[in-house]
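If you want the building blocks of each chain, they are given just below.
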Amino acid sequence: MENILIFLVFAAAVFYLVRMVYNQFWGASAGNCAKGCGTCAASSTIDKMNSERS
């Protein structure tokens, strides 16, 4: 029984880490500034470049 519990905790931790890496590189806020607030000049410049590309 304890092996199942340990496996579930381990699987949850791996899922969390994979989700963090995915969001960092390919998520909705990828490429914006590090704070992620969307108010810096880099964020608006990237949004403008992405909208011109589409």
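Quick caveat, the model's predicted, so the values are computed rather than measured.

Chemist: What is the right way to look at the overall build of the chain in this model?
Modeler: In terms of regular secondary structure, the chain is built from two helices and zero strands. Looking at the chain as a whole, 4% of its 54 residues are labelled buried. In the structure as shown, the chain presents an accessible area of about 4,900 Å², 67% of it carried by carbon and sulfur atoms.

Chemist: Could you clarify how one ought to interpret helix α1 (residues 2-26) in this entry?
Modeler: For α1, which comprises 25 residues, the first-to-last C-alpha distance of 36 Å matches the rise-based estimate of 36 Å (1.5 Å per residue) to within 8%. When you tally the buried positions in α1, you get zero out of 25 residues, a small fraction of the element.

Chemist: Got a minute to help me understand a nonpolar patch on the surface in this structure?
Modeler: A contiguous nonpolar surface patch, about 520 Å² in accessible area, is contributed by Met 1, Ile 4, Phe 7 and Leu 8. Turning to its location among the elements, Met 1 is positioned in the segment before α1.

Calculation criteria
Residues numbered from 1 in each chain as written. Predicted model: local features only at pLDDT ≥ 70, side-chain atom pairs only at ≥ 80, totals over all residues. Heavy atoms only, no water. Helix = DSSP H or I, 4+ residues; strand = E, 2+ residues; numbered from the N terminus. Buried < 20%, exposed > 50% of the residue type's maximum accessible area, 1.4 Å probe, protein only. Areas by Shrake-Rupley, 256 points an atom, 1.4 Å probe, with all protein chains shown as cover. Expected span 1.5 Å × (residues − 1). Patch = residues over 30% accessible without salt bridge, like charges linked within 9 Å, V, L, I, M, F, W, Y side chains within 5 Å. Salt bridge = Lys/Arg side-chain N within 4 Å of Asp/Glu carboxyl O.

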